[in-house]
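# Notes for the structure review
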Amino acid sequence: GVQTCALPIWVDPARPGDLAVRGLRRAVIFQQGGLVANLSALDNVALPLRYHADELGLPEDVIEERARFCLGAVGIDGPQIHALPGRLSFGIAKRVAFARAMAIEPNFAFFDDPDAGLDAENAQVVHDILTSYRDDPAITVVVAGLLLRSAIAGLLVAALLPNIRAMPLAIQRS
């Protein structure tokens, strides 16, 4: 059988933009990246910034500059920033998803199998991001995955300090 863990879920009825103004910035990185197929890598990264531009007072030039900076931070530049997701390798598309998450400077980040299907080079980029998030006390990180590489498992174990309680949510198959 399958065991599940029932946890209470609190949903704030406020609009996402209102939450951003109040300082709640969430990022979700899906296993497959979750990029918008008809937007370039640059536009995918700029998307959450444009969505919250009015609430956060972001002009278009700042949005594009921030999107380019985040793409550069994950090693994407040149013609790749204008490519559609279908033209990018899986690893690069996943890095674009990480850049999109970084662009809003989240204080809550949710990762679904962050290193699944990645080669060593792309996995290292992911591990570096997770390490920086782990070391930032202003960010809460939730990582879900079936087969996390040992490097990510090590990152998570290293993050367990005396004042932090870890609660594994595992699905067991019999």
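Our structure is the block above this text.
Predicted model only: the values in this text are computed from it and were never measured.

When helices and strands are tallied, the protein shows seven helices and three strands. Within the protein, the proportion of its 174 residues that are buried is 36%. Nonlocal contacts in the protein, meaning residues at least 24 apart in sequence, comprise 75% of its contacts between residues at least 6 apart. Accessible surface for the protein amounts to roughly 10,500 Å². Of this, 59% is attributable to carbon and sulfur atoms.

The contact between helix α4 (residues 60-73) and helix α5 (residues 90-103) brings their axes to 8 Å, and the two run at 130 degrees. Considered as vectors, α4 and α5 are oriented oblique to each other. Our pair here, α4 against α5, has a crossing hand that is right-handed. In contact with R66, C70, L71 and A73 of α4, α5 contributes V96, A99, M102 and A103.

What follows is about α4. Given a rise of 1.5 Å per residue, 14 residues ought to cover 20 Å, and the 20 Å separating the end C-alpha atoms of α4 matches this to within 8%. Looking only at α4, the buried set comprises I63, A67, C70 and L71. Viewed end-on, α4 has its buried residues packed into an arc of 100 degrees, placing them on one side of the element. Across from the buried face of α4, at angles greater than 90 degrees, the exposed residues are D61, E65 and F69.

The subject of this paragraph is the sheet that holds strand β3 (residues 140-144). Taken together, three strands build an open sheet; the order of strands is β1-β2-β3 and the sheet is parallel. Both edges of this open sheet fall to β1 (26-29) and β3, since each of them pairs with a single strand only. Strand after strand, the sheet turns through a mean of 10 degrees between neighbouring axes, direction not considered. Pairing geometry for strand β2 (residues 108-112) and β3, over five bridges, is parallel.

For the rest of this paragraph, the subject is the packing of aromatic side chains. If you walk through the whole model with that rule in mind, you get one aromatic pair. Between F98 and F111 the ring centres are 5.3 Å apart and the planes differ by 20 degrees, which places this aromatic pair in the stacked class. Highlighted residues: F98 in helix α5 and F111 in strand β2, separated in sequence by 13 residues.

What follows concerns the pattern of salt bridges. By the definition in use, this model includes four salt bridges. Measuring nitrogen to oxygen at the nearest pair gives 3.0 Å for the salt bridge that ties R68 to E64. With R68 and E64 both in helix α4 and four residues apart, this pair spans about one turn of that helix. Owing to a relative accessible area of 38%, R68 belongs among the partly exposed residues under this scheme. For R66, the salt bridge identified is with E105, shortest N-O distance 3.4 Å. Of the two residues, R66 is situated in helix α4 and E105 in the loop between α5 and β2; the sequence distance between them amounts to 39 residues. Taking the relative accessible area as the measure of exposure, E105 reaches 47% and is therefore partly exposed. Bridged by salt links that share partners, the residues D43, R50 and E60 form one connected network.

Reading the values: the criteria
- Residues numbered from 1 in each chain as written.
- Predicted model: local features only at pLDDT ≥ 70, side-chain atom pairs only at ≥ 80, totals over all residues.
- Heavy atoms only, no water.
- Helix = DSSP H or I, 4+ residues; strand = E, 2+ residues; numbered from the N terminus.
- Buried < 20%, exposed > 50% of the residue type's maximum accessible area, 1.4 Å probe, protein only.
- Contact = heavy atoms within 4.5 Å.
- Areas by Shrake-Rupley, 256 points an atom, 1.4 Å probe, with all protein chains shown as cover.
- Axes fitted to C-alpha atoms, helices over the stretch in contact; angles between N-to-C directions.
- Parallel < 35°, antiparallel > 145°, perpendicular 65-115°, else oblique.
- Left-handed = near helix turned anticlockwise from the far one by under 90°.
- Expected span 1.5 Å × (residues − 1).
- Arc of directions from axis to C-beta.
- Pairing = 2+ DSSP bridges.
- Phe/Tyr/Trp six-rings, centres within 6.5 Å; stacked < 30°, edge-to-face > 60°.
- Salt bridge = Lys/Arg side-chain N within 4 Å of Asp/Glu carboxyl O.

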